[in-house]
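These are the residues of each chain, in order.
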Amino acid sequence: MIKSVGFIGWRGMVGSVLLNRMIEENDFLKITPHFFSTSQFGKDGPTINNTVFKNVKDAYNLSLLEEMDIIVTCQGGFYTDTIYPKLRKKNWNGYWIDAASTLRVKNDSVIVLDPINLKAIKQAVDNGIKTFVGSNCTVSLMLMALGGLFQQKLIEWISVSTYQAASGAGANYVIELLKQMGSLYNIVSEDLSNDFCSILEITKKVTKIIQDNSFPLKHFSVPLAGSLIPWIDSDIGTGQSREEWKGQFETNKILDSKNIVKIDGICVRISSIRCHSQSILMKLNKNISLKNIEEIIFNHNQWVNFIPNNIEETISKLTPSAVTGTLNIPVGRLRKSSIGNKYFSAFTVGDQLLWGAAEPLRRMLNLLTNI
């Protein structure tokens, strides 16, 4: 039977990427889609396969939501907190697929990343689990990159520094970053066309406007263009940000680990528009060759790409600009660390709006529509 699927948050960045991927893969031919909105119900919805979906439904109307076999939401944690418990209290027994972090910690939810935990996902469906949640973006991208090592239980611990794009915070933050960039250019545009202008004078003007109260700071609250922000998400009171805490918790929940893999690091917001990058130092529990490590990593899934550890290929292929808009997960800078034989370093990049967000949801929806 073709299932009725309700979509909420489809106008946002993750929701838009999800819809585009579904259109590319002809997923809408397998379902009866219904589009909901928290603020623009009654208006026209998206155009899919030359069909305009008119009269968008009210995303707070529980009676309409109850009619759905599956609900896919990219609306965010506030919406989930508001609607999910009310729907479940009304004994709605449909499948809930969510991009927000709210339900990841619940015992009756499964974090989905099927190239890593397909067996656990299928077992959860067979056991009657109805709530499936996308992982934190950097967790998903790290697991996709190092999935072979996790699968063979070779990793003892990981220290990771993430370099996360502005779009990871949302559309408003991307717009603010671009406004910041525009402000910097405007203040020095004439100087840049003057071959005799001192670079020290140019940087002095840039520094002054970055520190000026008129610089666009509504969302980030501090400058990102020409700078970085070494803190992402809330303070959990241990010196970690919540974003950093998610690394160990979500990884081990996805892996269903009996022996916890220790993961810690620092998450940094940088001024790239899209794609998260990660610098990784890992300790393995046995001494194996670099060649074997390469084979284990790059034979795990079809999306991992090996980037040889040389200057030319690293700077051309292991960057956000090279990866944006693709499902590729390049892994490079792979080498044994000078710290010891069991220590390896690596660098990886992935589009956080694809494998880091929308793609696992799309694939979960496909799995449920084929039941």
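Everything below is about the structure printed above this text.
Residues numbered from 1 in each chain as written. Predicted model: local features only at pLDDT ≥ 70, side-chain atom pairs only at ≥ 80, totals over all residues. Heavy atoms only, no water.

### Focus: the overall build of the protein
The helix and strand inventory of the protein stands at twelve helices and 15 strands. Viewed in the frame of its principal axes, the protein has a C-alpha envelope of about 70 × 55 × 45 Å. Scored against the burial criterion, the 371 residues of the protein give a buried share of 49%. Taking contacts inside the protein between residues at least 6 apart in sequence as the whole, the part at least 24 apart equals 70%. Per element, the accessible surface of the protein, about 17,800 Å² overall, is 51% carbon and sulfur. Of the side chains in the protein, 39 bear a positive and 33 a negative charge, and the two mean positions are spaced by 5 Å. (Helix = DSSP H or I, 4+ residues; strand = E, 2+ residues; numbered from the N terminus. Buried < 20%, exposed > 50% of the residue type's maximum accessible area, 1.4 Å probe, protein only. Contact = heavy atoms within 4.5 Å. Areas by Shrake-Rupley, 256 points an atom, 1.4 Å probe, with all protein chains shown as cover. Lys, Arg positive; Asp, Glu negative; His and termini not counted. Charge placed at Lys NZ, Arg CZ, Asp CG, Glu CD.)

### Section: the side chain of N117
Relative to the helices and strands, N117 resides in helix α4 (residues 114–126). Of the residues examined, N117 reaches a relative accessible area of 5% and is grouped as buried. In this view, N117 contacts V110, I111, V112 and I254; residues no more than four positions away in its chain are not counted.

### What to know about the packing of helix α5 (residues 137–151) against helix α8 (residues 242–255)
Remark: α5 packs on α8, axes separated minimally by 10 Å, with the N-to-C direction vectors making an angle of 45°. What the angle tells us is that α5 and α8 run oblique. The two elements α5 and α8 cross, and the hand of that crossing is right-handed. Where α5 abuts α8, its residues C137, T138, V139, M142, L143 and F150 lie against E243, K246, G247, E250, T251, I254 and L255. (Axes fitted to C-alpha atoms, helices over the stretch in contact; angles between N-to-C directions. Parallel < 35°, antiparallel > 145°, perpendicular 65-115°, else oblique. Left-handed = near helix turned anticlockwise from the far one by under 90°.)

### Here's the deal with the sheet that holds strand β15 (residues 343–350)
Read from one edge to the other, the open sheet built from six strands follows the order β11-β10-β12-β15-β14-β13, with strand pairing classed as mixed. Sheet topology places β11 (262–269) and β13 (304–306) at the edges, where each strand pairs with a single neighbour. Sheet twist, expressed as the mean angle between neighbouring strand axes with direction ignored, is 20°. Summarising the sheet, β13 and strand β14 (residues 329–336) pair through three bridges and their orientation is parallel. Bridge pairing links V304 to I329 in β14. Across the sheet, α8 is in contact with β10 (155–164) and β11; its angle to β11 comes to roughly 145°. (Pairing = 2+ DSSP bridges.)

### What to know about a nonpolar patch on the surface
On the surface, a cluster of nonpolar side chains totalling about 240 Å² of accessible area is made up of L178, M181 and I273. Take L178: it is sitting in helix α6 (residues 171–192). (Patch = residues over 30% accessible without salt bridge, like charges linked within 9 Å, V, L, I, M, F, W, Y side chains within 5 Å. Salt bridge = Lys/Arg side-chain N within 4 Å of Asp/Glu carboxyl O.)

### Re helix α9 (residues 290–298)
Residues of α9 that are buried include every one of I293, I296, I297 and F298, and no others. Where α9 is buried, its residues touch α5, β12 (276–284), β13, β14 and β15.

### Notes on the pairing of strand β1 (residues 3–8)
Counting buried positions along β1 yields six of six residues, so the element is predominantly enclosed. Neither face of β1 is exposed, since K3, V5 and F7 on one face and S4, G6 and I8 on the opposite face are all buried. Here β1 runs beside strand β2 (residues 31–37); their pairing, made up of five bridges, is parallel. By the bridge assignment for β2, F7 is matched with F35.

### Section: the pattern of salt bridges
Summed over the entire model, instances satisfying the criterion amount to 18 salt bridges. E66 is the partner of K90 in a salt bridge, and the nearest nitrogen-oxygen pair spans 3.8 Å. Of this pair, K90 sits in the loop between α3 (77–89) and β7 (95–98) while E66 sits in helix α2 (residues 62–66), and the two are 24 residues apart along the sequence. In this structure K90 comes out as partly exposed when scored by relative accessible area, which is 39%. Residue class for E66 comes out partly exposed when judged on its relative accessible area of 30%. When the shortest N-O distance is used, the salt bridge between K317 and E313 registers 3.3 Å. Linking K317 with E313, this pair stays in helix α10 (residues 311–317), spanning four residues, or about one helical turn. Under the relative-accessibility criterion, K317 is labelled partly exposed at 41%. Shared partners join several salt bridges into a network, and the residues in it are R21, E24, E25, D27, K30, E359 and R362.

### Considering the pairing of strand β9 (residues 131–134)
What you see with β9 is no split at all: T131 and V133 on one side and F132 and G134 on the other are buried throughout. Here β7 pairs with β9 via three bridges, running parallel. Within β9, the position partnered with D98 by the bridge is V133. Note that strand β8 (residues 109–112) and β9 share four bridges and pair parallel.

### Quick notes on the sheet that holds β8
Across the sheet, which stays open at both edges, the seven strands sit in the order β5-β2-β1-β6-β7-β9-β8 with parallel pairing between neighbours. Every other strand in the sheet has two partners, leaving β5 (57–58) and β8 as the edge strands with one partner each. Lying on the sheet, helix α12 (residues 354–369) is in contact with β1, β2, β6 (70–73), β7, β8 and β9; it crosses β7 at an angle near 165°.

### Some words on the packing of aromatic side chains
Using the criterion set out here, one finds 15 aromatic pairs in the structure. Considering the side-chain rings of F7 and F35, the 5.4 Å spacing of their centres and the 20° angle between planes classify their relative orientation as stacked. Of this pair, F7 sits in strand β1 while F35 is found in strand β2, placing the two residues 28 residues apart along the sequence. Like F7, the residue F35 is buried in the burial classification. On the basis of an interplanar angle of 80° and a centroid distance of 6.4 Å, the ring pair of W92 and W96 is categorised as edge-to-face. The class of W92 is buried, set by a relative accessible area of 5%. Just above the ring of Y95 sits the side chain of K130; from NZ or CZ to the centre is 4.2 Å. (Phe/Tyr/Trp six-rings, centres within 6.5 Å; stacked < 30°, edge-to-face > 60°. Lys NZ or Arg CZ within 6 Å of the ring centre and 35° of its normal.)

The values are spatial; any link to function lies outside them.
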